[in-house]
Number of protein chains: 2
Amino acid sequence: MRECLRLADVAGANGDVPVGALIVVDGVIVGVGRNRREADADPTGHAEILALKEACGRAGRWRVDGATMYVTLEPCPMCAGAIVNARVARLVFGTREPKAGAVRSLYELCDDRRLNHRVEITEGVLGDACAQRLTQFFREARARKRTLAVGGEAK
Amino acid sequence: MRECLRLADVAGANGDVPVGALIVVDGVIVGVGRNRREADADPTGHAEILALKEACGRAGRWRVDGATMYVTLEPCPMCAGAIVNARVARLVFGTREPKAGAVRSLYELCDDRRLNHRVEITEGVLGDACAQRLTQFFREARARKRTLAVGGEAK
């Protein structure tokens with residue numbers, strides 16, 4: 001999860017909401033991702049999707065059986081759905097996302113017995129550090145907005 | 001939707017579950033996609049995701065405000081989440097997917113008032129033709145499996 005936090009920091013430094021993810025199979029990192037939605041102008045450019053695409057690209061198949069995904073923030077519906085689609089075995093996330101989280105907050109997509117795959121879930125790993133990154137990012141973004149607004153009024 | 005059916009047929013002919021999607025803005029097709037999960041060994045390679053990526057790539061932004069997505073099959077959780085994330089205005093789909101559909105069947109992800117965007121939904125457009133493609137694909141896939149099994153026994 002520390003490596004995910006590092007990836008999140010890189011995302012934040014590039015103007016994207018700081019989220020980082022990685023995928024481990026048999027103790028080896030097979031996919032990494034950081035949020036690149038703004039950087040790539042891509043609505044699917046979330047950390048989890050990019051980590052999955054890398055892992056599957058390496059393996060040459062659309063399943064990552066036995067894989068564990070680590071991610072700093074509770075996945076949104078798109079990413080939770082992708083995690084199920086790719087048959088990720090275990091998901092470890094840092095902090096909940098009350099507005100759009102689809103693993104525990106709004107939905108429980110990753111262990112819904114009606115779907116054809118269930119994921120084992122662990123939450124709260126380095127949760128405070130993961131949450132703090134996000135709080136700080138949005139605080140700074142609001143401050144920048146205020147500064148711009150004041151600058152605009154002064155003109 | 002007829003063009004989506006054509007895209008679905010191409011997917012089916014290439015060994016993927018026959019699903020086709022396209023995105024229209026101001027009467028112009030700005031993104032097309034056909035299911036390429038097997039072809040690309042990519043769990044995110046659904047028709048809707050590929051259509052969205054094309055539309056956003058062209059526009060140079062992660063939002064497709066005012067866009068209508070047409071797709072032959074009710075989107076799964078991953079695709080429904082991506083449709084919300086990309087701010088698609090309207091979704092038109094052919095037939096329901098009772099096992100994994102996330103727009104009407106198992107979830108109502110695209111017009112959940114708790115999320116920060118709601119999509120207008122129309123279903124059942126060329127529904128019989130869309131459903132028939134899928135039924136036929138799975139019937140043929142089962143028949144191929146049986147033939148292979150019989151072949152295996154004969155050896």
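Look a little higher up for the structure.
Residues numbered from 1 in each chain as written. Chains lettered and ligands numbered in written order. Predicted model: local features only at pLDDT ≥ 70, side-chain atom pairs only at ≥ 80, totals over all residues. Heavy atoms only, no water.

## What about the overall build of chain A?
Along chain A, the regular secondary structure elements total five helices and five strands. The C-alpha atoms of chain A give 16 Å as radius of gyration, which agrees with the globular expectation for 155 residues (15 Å, within 12%). Principal axes of the C-alpha set define a box for chain A whose edges measure 60 × 30 × 25 Å. A burial count over chain A gives 49% of its 155 residues as buried. A separation of at least 24 residues holds for 52% of the contacts in chain A among residues at least 6 apart in sequence. Split by element, the accessible area of chain A, about 7300 Å² in all, is 50% carbon and sulfur. Both charge centroids of chain A, one from 24 positive and one from 20 negative side chains, sit 1 Å from each other. (Helix = DSSP H or I, 4+ residues; strand = E, 2+ residues; numbered from the N terminus. Rg over C-alpha atoms; globule rule 2.2 N^0.38 Å. Buried < 20%, exposed > 50% of the residue type's maximum accessible area, 1.4 Å probe, protein only. Contact = heavy atoms within 4.5 Å. Areas by Shrake-Rupley, 256 points an atom, 1.4 Å probe, with all protein chains shown as cover. Lys, Arg positive; Asp, Glu negative; His and termini not counted. Charge placed at Lys NZ, Arg CZ, Asp CG, Glu CD.)

## As for unusual backbone geometry
Residue and element names in this part refer to chain B. Residue R87 is not a glycine yet carries a positive backbone phi of 65°. With a relative accessible area of 12%, R87 lands in the buried category. A positive phi angle, close to 50°, is found at L126, a residue other than glycine. Counting through the fold element by element, L126 comes out in the loop between β5 (120-123) and α5 (127-154). For L126, a relative accessible area of 28% corresponds to the partly exposed category.

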